[in-house]
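This is what each chain is made of:
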Amino acid sequence: MVLKVISAATLVAIGIVLLVIAWPSLFGLTLAPYIAQMVALRSAAAAAALIAALVVVILALIVAPARRFFAAIALMLMVFAGLNVAVQSVRGFGNETFPLRAPAELSVLAWNTLGNAPGAERIAALALDEGADIVVLPETTADVAEQTAVLMREAGSPMWVYTVAFDQIAAARSTSVLVSASIGQYRIDDTVGNTRVLPSIVLRPIDHAGPTIIGVHPVAPIPRQLDNWRADLAWVDEVCRGDRVILAGDMNATPDHFTALGDPDGLGTCDSANIVTGNGAVGTWPTRLPALLGAPIDHIMTTDDIAVTGFRVITTEDGSGSDHRPIVARVILN
């Protein structure tokens, strides 16, 4: 009798844990310690659950007295995996379709370079290949951004360079943005605050009708930075509003985390191009995992007066030195 009670309690506990991980918003725990990290890797969790279910099924076949117990665990693991796959399928496992580029389209590229790891030549080559008009580069210092702009100018694509750095000690404490000279000049708006640990940058157009451009880098939700991470996401939620806003960068957040702030498709009045184009489940970090198992934490977002015509996660740079994949979107200002 005691063994049956213990078994039942164990099954209930396992079921609750799996439900919290699969559906944390039901319990208001999406931004909670450990849950915030685990929910970011839904696809990997689903794959791990299926492997675990297979192991448990084998145990059920071997250990006859505990067959029902192990079978129940296997069933819960498969339901958990199925729920995660269902959520990810709604967000999209990849749609890289880009229509023929229209003259009015802008190409927006974002890449966390892990402290300049790929180097200016590789960044410039990718930006030129993508015909980028806006390049958002978290963890990229001013000197590397300027070298990138020189290379792009020499290739016939002149860019303005803007950088915000919290210090000159760690490259991760810089965020740079390159903007095509064909769009116009910008000024850095330092009146709206900033993310707390790693810098973001807000650019306002000077005497032209170009979009507001925001390069963002909220801190990662590691346990000792959870309060700062939540504050960073709240700041992004406040700043990504208004007319003609393009926001891009390493959000260190997935649609689950957006849901905790009120909208699974984005933050503020901005929607994630990743999600609206059917790429919301394609992982951008870490590059050591296949894209369909990684965390989709890098985003390009726009307000609804900007149409997104295409988006993709770039997997050809996985050996470049950065642990993030670049992302690119095409947009049209309405």
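Figured I'd write up the structure that's included with this text. Quantities reported herein were computed from a predicted structural model and do not represent experimental measurements.

## Examining the sheet that holds strand 7 (residues 212-216)
So, point 1. What the six strands build is an open sheet, ordered 5-6-7-8-10-9; its pairing is mixed. What marks the edges here is a single partner per strand, and that holds for strand 5 (186-188) and strand 9 (270-272). Averaged over all adjacent pairs, the angle separating strand axes in this sheet is 20 degrees, with direction ignored.
So, point 2. One ladder, built from five bridges, connects strand 8 (residues 245-250) with strand 10 (residues 298-303); its direction is antiparallel.

## Some thoughts on the pattern of salt bridges
So, point 1. The full count for this structure, using the stated rule, is 11 salt bridges.
So, point 2. With its nearest N and O atoms 2.9 Å apart, the salt bridge here joins Asp-256 to Arg-91. Of this pair, Asp-256 sits in helix 8 (residues 255-260) while Arg-91 is found in helix 4 (residues 67-91), placing the two residues 165 residues apart along the sequence.
So, point 3. Asp-133 serves as the salt-bridge partner of Arg-101, at 2.6 Å between the closest nitrogen and oxygen. With a gap of 32 residues between them, Arg-101 in the loop between helix 4 and strand 1 (105-110) and Asp-133 in the loop between helix 5 (120-129) and strand 2 (134-138) connect regions that are remote in the sequence.
So, point 4. Salt bridges linked by common partners bring Arg-42, Arg-91 and Asp-256 together as one network.

## What to know about the nonpolar core
So, point 1. Among the nonpolar cores identified, the biggest contains 26 residues, and Ile-134, Val-177, Val-179, Leu-203 and Ile-300 are the most heavily contacted of them.
So, point 2. Broken down by secondary-structure element, the contributors of at least two residues to this core are strand 1, strand 2, strand 3 (159-165), strand 4 (174-180), strand 6 (201-205), strand 8, strand 11 (306-313) and strand 12 (327-333).

## Examining the state of the cysteines
So, point 1. This model, assessed by the stated rule, comprises one disulfide.
So, point 2. The partner cysteine of Cys-240 in its disulfide is Cys-270, sulfur to sulfur 1.9 Å. Across the S-S bond linking Cys-240 and Cys-270, the dihedral sits near -95 degrees, which makes this disulfide left-handed. In this pair, Cys-240 is assigned in the loop between helix 7 (226-239) and strand 8 and Cys-270 in strand 9, connecting sequence segments 30 residues apart.

## Section: the sheet that holds strand 12
So, point 1. The strand order 3-4-2-1-12-11 describes an open sheet built from six strands, whose pairing is mixed. Among the strands making up the open sheet, the edge pair consists of strand 3 and strand 11. On average, each strand axis in the sheet is inclined to that of its neighbour by 15 degrees, with strand direction left out of account.
So, point 2. Here strand 3 runs beside strand 4; their pairing, made up of seven bridges, is antiparallel. When the sheet's bridge partners are listed, Val-164 is paired in strand 4 with Thr-175.
So, point 3. Across the sheet, helix 6 (residues 142-154) touches strand 3 and strand 4, and the angle it forms with strand 3 is around 170 degrees.

## A few points about empty space enclosed by the protein
So, point 1. Applying the stated criterion across every chain, the model contains one cavity of 30 Å³ or more.
So, point 2. Approximately 30 Å³ is the volume attributed to the largest cavity.
So, point 3. Listing elements by their share of the lining of the largest cavity, those giving two or more residues are helix 4 and helix 8.
So, point 4. Its residues placed into classes, the lining of the largest cavity shows four nonpolar, two polar and three charged.

## What to know about the layout of surface pockets
So, point 1. Space inside the largest pocket adds up to approximately 290 Å³.
So, point 2. In terms of lining, the largest pocket is formed by 19 residues, of which the most central are Ala-220, Pro-221, Asn-252, Trp-285 and Ile-297.
So, point 3. When the residues that make up the lining of the largest pocket are grouped by side-chain class, the tally is 10 nonpolar, six polar and three charged.

## Examining helix 1 (residues 2-22)
So, point 1. In a regular helix each residue adds 1.5 Å, so 21 residues correspond to 30 Å; helix 1 covers 30 Å between its end C-alpha atoms and thus fits that length.
So, point 2. Restricting attention to buried positions, one finds in helix 1 the residues Leu-18, Val-20, Ile-21 and Ala-22.
So, point 3. Looking at the buried residues of helix 1, the elements they touch are helix 2 (35-39), helix 3 (42-62) and helix 4.

## Overview of the pairing of strand 4
So, point 1. Taken across its seven residues, strand 4 has seven buried, putting it largely inside the fold.
So, point 2. Along strand 4, one buried face is formed by Ser-174, Ser-176, Leu-178 and Ser-180 and the opposite face, lined by Thr-175, Val-177 and Val-179, is buried too.
So, point 3. In this sheet, strand 4 lies alongside strand 2 in antiparallel orientation, the contact comprising five bridges. When the bridges of strand 4 are listed, Val-135 appears paired with Leu-178.

What counts and what doesn't
- Residues numbered from 1 in each chain as written.
- Predicted model: local features only at pLDDT ≥ 70, side-chain atom pairs only at ≥ 80, totals over all residues.
- Heavy atoms only, no water.
- Pairing = 2+ DSSP bridges.
- Helix = DSSP H or I, 4+ residues; strand = E, 2+ residues; numbered from the N terminus.
- Axes fitted to C-alpha atoms, helices over the stretch in contact; angles between N-to-C directions.
- Salt bridge = Lys/Arg side-chain N within 4 Å of Asp/Glu carboxyl O.
- Core = buried A, V, L, I, M, F, W, Y, C linked by side-chain atoms within 4.5 Å.
- Buried < 20%, exposed > 50% of the residue type's maximum accessible area, 1.4 Å probe, protein only.
- Disulfide = S-S within 2.5 Å.
- Contact = heavy atoms within 4.5 Å.
- 1 Å grid on protein atoms, 1.4 Å probe; cavity = no way out; pocket = protein on both sides within 12 Å on 5 of 7 lines; lining within 4 Å.
- Points joined across faces, edges and corners; volume = space filled by probe spheres on them.
- Nonpolar A, V, L, I, M, F, W, Y, C, P; charged D, E, K, R; others polar.
- Expected span 1.5 Å × (residues − 1).

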